[in-house]
Amino acid sequence: MTQTQKILVTGATGTVGRQVVAELLTRGHAVRALTRDAARAVLPDGVEIVEGDLTEPDSLAPAFEGVTGLHLITFGGPYFAPLESGPRILELARAGGVRRVTVLHGGGPSLLEDAVRADDGVDWTVLIPVEFMANALEWADSITASDEVHAPFVSRLSAMVHEGDIGAVAAVALTEEGHGGREYVITGPELLTVADKVAAIAGARGREISLVELTEEQAVAQWRAAGHSEEVIDFLLEAYGNTPEVGRTVVDTVEKVTGRPARTFAQWAAEHADAFAPAARAEQLTA
Ligand SMILES: NC(=O)c1ccc[n+]([C@@H]2O[C@H](COP(=O)([O-])OP(=O)(O)OC[C@H]3O[C@@H](n4cnc5c(N)ncnc54)[C@H](OP(=O)(O)O)[C@@H]3O)[C@@H](O)[C@H]2O)c1
């Protein structure tokens, strides 16, 4: 039985951060969650919510007081702009009592991640997840409206990971010995094509979905219409059109670190079936 510890989670209102929060609570730890807007943050009962902005490190000093662990994101602001603050955040964190740090790798260079890796005053772990299963939620509108998915590169393979498993690996690394100085690639348990994912969602919602393959040009037009920046579009084209080996190779990090197997996409789809139900869109529109 590990002792109860208090952990500060940044990005706590986001896709991964809320899973880090949930996994820490499940393990009996105390959580302080950072947000830029406490009035908007919806987090589980018992979580202490503090306001602060990672782009203004000195605003964070009170948030670090009395925590032993810190989960970090590496961006702050629109389009996941990399944080320009690094060493100062760690200096304040150590002064507050932080001994263990996890950092969610953002897919590119990061001054903050560099500062974490260079810091021998804390036990740090870099978390390198592949594609999140939650990305499939971007299909919810077209599935609920017309039972269709329009996507490019439908045969590409992905080792996509359940965001809860990223949270679980983070929670262990933040509260248990033996994970300092490590980088963990985190994947799901299987390789799936887009068609496999669509079939899993169809199975979970109990209704067929047609998969319509887009050309690259059509995909770019769809992403622009959805409001993505040109930078994000370039990233998506590269990530989906030319998925690096790490994104299509299954590794056993989740099982090794947490002691239980990585969750499948079929499990994820069952958990999120309501988001893809035919009535879901009508309910959203009338809410
Ligand atoms: N999607 C994928 O497939 C994938 C795969 C691998 C890696 N990643 C990486 O995962 C990261 C995205 O994680 P996510 O999807 O969990 O993010 P997300 O859902 O977009 O959440 C963003 C979070 O960042 C917080 N935030 C933003 N700017 C902030 C600032 N200046 N100060 C304090 N907090 C700030 C927000 O908090 P408030 O709004 O409450 O302040 C929110 O909790 C990126 O680095 C991305 O590169 C993504």
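Since the structure is predicted, the reported quantities are computational estimates derived from the model, not experimental observations.

1. Section: the packing of helix α1 (residues 17–26) against helix α6 (residues 163–175)
Item 1. For the pair α1 and α6, the least separation of the axes is 8 Å and the interaxial angle reads 55 degrees. Taken as axis vectors, α1 and α6 run oblique relative to one another. The two elements α1 and α6 meet at a crossing, and its hand is right-handed. Where α1 approaches α6, its residues Gln 19, Val 20, Ala 22, Glu 23 and Leu 24 are matched on the opposing element by Glu 163, Gly 164, Ile 166, Gly 167, Ala 168, Ala 170 and Ala 171.
Item 2. When the residues that make up the contact of α1 with α6 are grouped by side-chain class, the tally is seven nonpolar, three polar and two charged.

2. What to know about the UniProt feature "domain: NmrA-like" (unreviewed entry) in the chain
Item 1. Residues annotated by UniProt as "domain: NmrA-like" (unreviewed entry) correspond here to residues 4–101.
Item 2. The span residues 4–101 carries 24% helix and 20% strand; its end-to-end C-alpha distance comes to 16 Å.

3. So, the site of the ligand
Item 1. Taken together, 29 residues lie around the ligand, and Gly 14, Thr 35, Arg 36, Gly 76 and Gly 106 are the ones closest in.
Item 2. Residues of the shell around the ligand, tallied by class, amount to 11 nonpolar, 14 polar and four charged.
Item 3. When residues of the shell around the ligand are sorted by domain, at least three fall in each of domain 1 (6–129) and domain 2 (131–161 + 187–248 + 260–281).

4. Observations concerning the sheet that holds strand β1 (residues 6–9)
Item 1. Taken together, seven strands build an open sheet; the order of strands is β3-β2-β1-β4-β5-β6-β8 and the sheet is parallel. With one partner strand each, in any of the chains shown, β3 (48–51) and β8 (182–186) form the two edges of the open sheet. On average, each strand axis in the sheet is tilted by 20 degrees relative to the strand beside it, whichever way the strands run.
Item 2. Packed onto the sheet, α6 meets β1, β4 (69–72), β5 (100–104), β6 (123–129) and β8 and runs at close to 170 degrees relative to β6.

Criteria and cut-off values
Residues numbered from 1 in each chain as written. Predicted model: local features only at pLDDT ≥ 70, side-chain atom pairs only at ≥ 80, totals over all residues. Axes fitted to C-alpha atoms, helices over the stretch in contact; angles between N-to-C directions. Helix = DSSP H or I, 4+ residues; strand = E, 2+ residues; numbered from the N terminus. Parallel < 35°, antiparallel > 145°, perpendicular 65-115°, else oblique. Left-handed = near helix turned anticlockwise from the far one by under 90°. Contact = placed C-beta atoms within 7 Å. Nonpolar A, V, L, I, M, F, W, Y, C, P; charged D, E, K, R; others polar. UniProt positions renumbered as here; feature names shortened; annotations may be inferred. Near = placed C-beta within 6 Å. Domains from an automatic or database assignment. Pairing = 2+ DSSP bridges.

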